[in-house]
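Tertiary structure, described
Below are the chains, spelled out letter by letter.
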Amino acid sequence: MPNLVGIGLSQVPTNSMLGGMAYQDPEHASIKNLDLKNLSQINAEIADTAVDVFVYDTRKDSDGGAWRKRTQNTSWYNETLGTTTRGTRREFPAVAVIVAESTRVTIYDGDDPDLPMWMKIEPNGIIDWPTSNTTRINISALNGILTTVTNDGGHLFKFVEDFVEIMYSSANYNLNSGRTIVDRNNSTSYTTVSNTAFRVYKMVTYAMNDVAMTVLPNAPIDSATGLPIPTIAVATNGGVSVIKDDGIVVDITSAQGGNYNQTKAITITEENYLWWLGDYNAGSTYLRDSYAVSLDNFPSSDFTWNNSSDNVSAGTYYALTTNGEQGEIKIGSGNTWAWNHQERNALGGPAGLAVHKPNIGSENNSLIAAITSDYNTGWMQGDIKGAFLSDTDTASNPELVTNGTFNANVDNWNTTSVTIARDTTIFSDGGIKVTTPGGGSYAYQQVTGLVSGKQYIFTARAYNPSGNPGTDVATISIVSAGYTANTASSTTVDNTIQDLYVTFTASGTTETIYLSIVAAAYNVYGQNGSIGYFDNVSVRLTEEDRSVNNNGLAAIGEIPKTPVATGADLVAYGPFAASSPYKHLVQPYNSDLLLGSGDFCITGWVNNTSTSNSVYEDIITFGNIGKVGYSSMEPGSWFIQMNRAHGFNMYYRTTAGPSDSGWTNHSSHFLTYSLNGMGIWYKITLVRRGSEIYTYVNDDFIGSTSVVGSFTTTNNLNDMKLHIGYEGGTAYGPYISQFTRMALWKISKSAPSAEQVKKMYEDEKVLFQENAKATLYGSSDAVTALAFDEVTDLLHVGTSAGRSEFQGLRRINNTTDAVTTAISASNGLVAEQ
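Residues numbered from 1 in each chain as written. Predicted model: local features only at pLDDT ≥ 70, side-chain atom pairs only at ≥ 80, totals over all residues. Heavy atoms only, no water.

**Focus on the overall build of the chain**
- Within the chain one finds three helices and 58 strands.
- Within the chain, the proportion of its 833 residues that are buried is 60%.
- Intrachain contacts of the chain at a sequence separation of at least 6 include 64% that bridge at least 24 residues.
- Accessible surface for the chain amounts to roughly 29600 Å². Of this, 45% is attributable to carbon and sulfur atoms. (Helix = DSSP H or I, 4+ residues; strand = E, 2+ residues; numbered from the N terminus. Buried < 20%, exposed > 50% of the residue type's maximum accessible area, 1.4 Å probe, protein only. Contact = heavy atoms within 4.5 Å. Areas by Shrake-Rupley, 256 points an atom, 1.4 Å probe, with all protein chains shown as cover.)

**Regarding the nonpolar core**
- Ranked by size, the top nonpolar core spans 41 residues in total, and within it Ile602, Trp638 and Trp745 carry the most contacts.
- If near-sequence neighbours (up to four positions away) are discounted, isoleucine 602 is found in contact with Leu595, Trp638, Ile640, Met650, Ile684, Thr685, Leu686, Trp745, Lys746 and Ile747.
- Phe406, Ile432, Ala488 and Leu515 belong to the second-largest nonpolar core, a separate cluster that totals 30 residues. (Core = buried A, V, L, I, M, F, W, Y, C linked by side-chain atoms within 4.5 Å.)

**Section: helix H3 (residues 754–765)**
- The terminal C-alpha atoms of H3, which comprises twelve residues, lie 17 Å apart, in line with the 16 Å expected from a rise of 1.5 Å per residue.
- Among all positions in H3, only Gln756, Val757, Met760, Tyr761, Asp763 and Glu764 are buried.
- Residues of H3 that are buried in the fold lie against strand E27 (367–371), strand E28 (380–381), strand E44 (600–608), strand E48 (681–689), strand E49 (692–697) and strand E52 (740–748). (Expected span 1.5 Å × (residues − 1).)

**Some details on the sheet that holds strand E56 (residues 810–814)**
- Read from one edge to the other, the open sheet built from four strands follows the order E53-E54-E55-E56, with strand pairing classed as antiparallel. Looking along the sheet, the strands with just one partner apiece sit at the ends: strand E53 (785–789) and E56. Across the sheet, the mean angle from the axis of one strand to that of its neighbour is 25 degrees, orientation sign disregarded.
- With five bridges joining them, strand E54 (residues 794–799) and strand E55 (residues 802–807) adopt antiparallel strand pairing. Each residue of the ladder has a partner; that of threonine 799, found in E55, is glycine 802. (Pairing = 2+ DSSP bridges. Axes fitted to C-alpha atoms, helices over the stretch in contact; angles between N-to-C directions.)

**Quick word on the pattern of salt bridges**
- With the rule as written, the count across this model stands at 34 salt bridges.
- For glutamate 91, the salt bridge identified is with lysine 69, shortest N-O distance 2.9 Å. On the criterion of sequence distance, the pair formed by glutamate 91 in the loop between strand E3 (52–57) and strand E4 (95–100) and lysine 69 in the loop between E3 and E4 is long-range, its members being 22 residues apart.
- For glutamate 91, a relative accessible area of 19% translates into the label buried.
- Its salt-bridge partner being glutamate 270, residue lysine 357 comes within 3.5 Å of it at the nearest N-O pair. Placement of lysine 357 in strand E26 (residues 352–357) and of glutamate 270 in the loop between strand E18 (265–268) and strand E19 (273–280) is noted, with a sequence separation of 87 residues between them.
- Through salt bridges with shared partners, a single network forms among Arg68, Lys69, Arg89, Glu91, Asp109 and Asp111. (Salt bridge = Lys/Arg side-chain N within 4 Å of Asp/Glu carboxyl O.)

**Comments concerning the side chain of glutamine 342**
- Along the chain, glutamine 342 falls in strand E24 (residues 341–343).
- The class for glutamine 342 is buried, based on a relative accessible area of 6%.
- From its side chain, glutamine 342 meets the backbone oxygen of tryptophan 275 in a polar contact 3.3 Å long.
- Not counting residues within four places of it along the chain, the set of residues in contact with glutamine 342 comprises Ala265, Ile266, Thr267, Trp275, Trp276, Leu277, Ser290, Leu347 and Leu786. (Polar contact = N/O pair within 3.5 Å; in protein donor to acceptor, adjacent residues only side chain to side chain.)

**Points about unusual backbone geometry**
- Looking along the chain, the bond that leaves glycine 574 and enters proline 575 is cis, with omega of 0 degrees.
- Mapped onto the elements, proline 575 comes out in the loop between strand E42 (571–573) and strand E43 (584–587).
- Although it is not a glycine, leucine 115 adopts a positive phi angle of roughly 50 degrees.
- Within the element layout of this structure, leucine 115 appears in the loop between strand E5 (105–109) and strand E6 (117–121).
- Note on leucine 115: relative accessible area 4%, which makes it buried.
- Phi is positive for asparagine 536, which is not a glycine, with a value near 50 degrees.
- Its place among the elements puts asparagine 536 in strand E39 (residues 531–541).

**Here's the deal with the sheet that holds E18**
- Taken in spatial order, the five strands make up an open sheet running E18-E19-E20-E22-E23, and their pairing is mixed. Because the sheet does not close on itself, it has two edges, and the strands there are E18 and strand E23 (329–330).
- For strand E22 (residues 318–321) and E23, the ladder comprises two bridges, and the chain directions are parallel. Residue threonine 321 lies in a different strand from E23, and its bridge partner there is lysine 330.

**As for the side chain of glutamate 165**
- Mapped onto the elements of the fold, glutamate 165 is located in strand E10 (residues 163–168).
- Residue glutamate 165 is classed as buried on the basis of its relative accessible area of 1%.
- Looking at glutamate 165, its side chain comes within polar contact range of the side chain of tyrosine 201, at 3.0 Å.
- Not counting the four nearest positions on each side in its chain, glutamate 165 is found in contact with Gly154, His155, Leu156, Lys158, Arg179, Arg199 and Tyr201.

**A word on the packing of aromatic side chains**
- Scanning the model with the defined rule gives 33 aromatic pairs in all.
- Consider the rings of phenylalanine 92 and phenylalanine 159, whose centres lie 5.1 Å apart with planes at 65 degrees: the pair is edge-to-face. One end of the pair, phenylalanine 92, is in the loop between E3 and E4; the other, phenylalanine 159, is in the loop between strand E9 (153–158) and E10, and 67 residues separate them in sequence. When sorted by exposure, phenylalanine 92 lands in the same class as phenylalanine 159, which is buried.
- An aromatic cluster of at least three residues, connected via ring pairs, comprises Tyr56, Trp67, Trp76, Tyr77, Phe92, Trp118 and Phe159.
- The residue whose ring lies beneath arginine 689 is tyrosine 694, and the NZ or CZ to ring-centre distance is 4.8 Å. (Phe/Tyr/Trp six-rings, centres within 6.5 Å; stacked < 30°, edge-to-face > 60°. Lys NZ or Arg CZ within 6 Å of the ring centre and 35° of its normal.)

**A closer look at the environment of glycine 238**
- You can see glycine 238 is positioned in the loop between strand E15 (231–236) and strand E16 (239–243).
- Excluding anything up to four places from it in sequence, glycine 238 contacts Val204, Thr205, Thr253 and Asn261.

**Details of the pairing of strand E34 (residues 455–463)**
- By the criterion of burial, E34 is predominantly enclosed, with eight of the nine residues buried.
- Pairing of E34 with strand E37 (residues 497–505), which is carried by nine bridges, proceeds in the antiparallel orientation. Bridge assignment links alanine 462 to a residue of E37, and that residue is glutamine 498.
- Pairing analysis gives seven bridges linking E34 to E39, with the strands arranged antiparallel. Bridge pairing in E39 places alanine 462 opposite phenylalanine 534.

**As for the confidence of the model for the chain**
- Here the chain shows a mean pLDDT of 84. Residues at 70 or above account for 84%.
- Mean pLDDT across the elements of the chain ranges from a minimum in helix H1 (residues 29–34), with 23, to a maximum in E42, with 98.
- Within the model, the stretch residues 1–41 combines pLDDT values under 50 with 120 contacts to residues more than four positions away or in other chains.
- When the criterion is pLDDT under 50, residues 659–670 qualifies, and its contacts beyond four places in sequence or with other chains add up to 26 contacts. (pLDDT = per-residue confidence, 0-100.)

**Brief notes about the environment of asparagine 414**
- Mapped onto the fold, asparagine 414 is located in strand E30 (residues 414–416).
- What makes asparagine 414 partly exposed here is its relative accessible area of 37%.
- Sequence separation of asparagine 414 and glutamine 446 is 32 residues, and the distance between their C-alpha atoms is 9.0 Å.
- Asparagine 414 has contacts with Tyr442, Ala443, Tyr444 and Gln445, leaving out every residue within four places of it along the chain.

**A short note on the environment of leucine 786**
- Summarising the element assignment, leucine 786 is placed in strand E53.
- Sequence separation of leucine 786 and threonine 821 is 35 residues, and the distance between their C-alpha atoms is 9.4 Å.
- If sequence neighbours within four positions are ignored, leucine 786 has contacts with His341, Gln342, Glu343, Ala346, Leu347, Gly348, Leu353, His796, Val797 and Ile823.

Quick look at the structure:
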């Protein structure tokens, strides 16, 4: 596919012929504001096969591009024009579109709507070592310097000074001739010299993959050009080499060496962090880890990073990794969330887009968001433990079990050496009684309609009046070939009803589920002549946890899902059932949600349409409140309640709560906010910092209350569940979210700052507007290229479906032709391959 160039904000997404670039009215305000009148006419197709593109806007240079007017004495300014390697204009373009192919670099004149060639740097010239074969080139440009890095060395083309410098694995090289730019295409040779040659930078290795440039505050002025000297960072197969503005080269390598050293992409964030992708996973095309170091306090000597630990405490760097890898910030489930693209504050890879906002000085508490073609998590903060209700699919989540409630009979259930019958002695509305005469006995049903690779949750209520206390347990199982079982067991045999859960990933379209009583020595099949009772047997897709933890929610009943606003991508869950059976979402006991004595954050979006001051709705709860009521709540339990008259209330109990009741002193457990109106989306955020719990609604600080003790318990853990839309029982209430819709609930074991609370609200609220787009355009999650436009503040994300433009967390535009290789954008001018 050719490179296409144009004004990003003026695109017509439906123009398939232009695909990457299509343009509307040249009177578009953004064009006028940027004074790019000529650029409004650009819609050029360049017949190059690019491996990298770079839109170089010299007006962003330190002197605003004034250096272009004082280069009349250079060799390149005075060379013959109108040749195959030089265009018809002498002056360097104010805006240049630089295209790298595998063996050459071409500079196009972006000041001309026809984008004519301005200069070529050809193969076998200065860009290529005579003894090697260049197979790829990556580029960057700043302050009159074009930097090229290749699989075999690199160069700095200094247009103001009219000089070419070398980057290689040894500094003992020099050119026999031709170090001015006019000699760029001469067949030159490099000579090995005994001493370090003039302006040859020794890099950690010669195989280079990416380059990033910036001018740091207080950078020294180059006496030859009058411009501040850039800092140049190069990603290589042997680590990172940084050419500092004082000429010193600092190498950053992995303590593990080998593939861990390989860095395939590098960028500089908004906060002036140098950020690179490391750990080339066994030669694959993605990387599991990335590392960031502040350029404001950059070390002056070589240092290493460590994939088995991190060094944030020493202030050298911090790590952003996939789950299972060491690091301060983690995203994605397993190595599926690995990356091969990086730009500004974003990562892209096969699983989607990740956007990062570091918290300077407290990187453990940074923000990260995951965006794919079908969900957007919003901001996940710090030590995230759950990110729920972030989908964009309004499709129903149907029940896959036939007759799992046994309201009339036990039809559709098969048996192996067991007796089954409908029974109402344990479950009054009907259940199945399974009598097990011996080993290898079970009731089972084959469920169909699954999607391979999708996560499901198998749930059931079980009662086990065991004849072998402490030995026999009720189980539900998914058994695959080879008798490998995913099994959930009731952990007690004290004649109590237990809720059992099995989360599994479908290996095909059909699975078999089993109900049985087993002895402790067995893990699948019935045993020892025992009897078990089961009800509410269900298999549904999980409502997924999009955090690294991947602990999905079980849908009890079919939960309504509708767009949060007309035409919006993001969907809301609810309202939930007003009567039994109570539709809701539940997560079985998860120790991560026992918040302990440290900081935490609970935050989510709610919309309540109740017209009654007497309706109270428990919108999210953790613990056993629904089963035992207030007085017997376990420490660590908490819930957030909503009422038209009182607003939002949080109740909780800690280990320091009264022994007789967790609610003796309501005032110390009560945080409230009066609503401005119903039917409006509100963001609720509860933050514990130290000994205070702070309440925010939207970005408004409402108040705080002191808290002592720990949110933890070791008792009744099976009852310590997370519920959304229902309190989880009838002991007090029940309170059902019958008028409430919800989205983007997140729980962290860390505390965001007030500034982060504001950012989370401001960036997420636009997703709740009419027609708000929240995902990557199209159906593919795989990111093929990234670019950030510092002037328009837009992130451009390429996929096989086209290019998505994000303003913060919201997609504001898209094109419809595939992006295969690279994107670059500046001042609204976009180039892509």
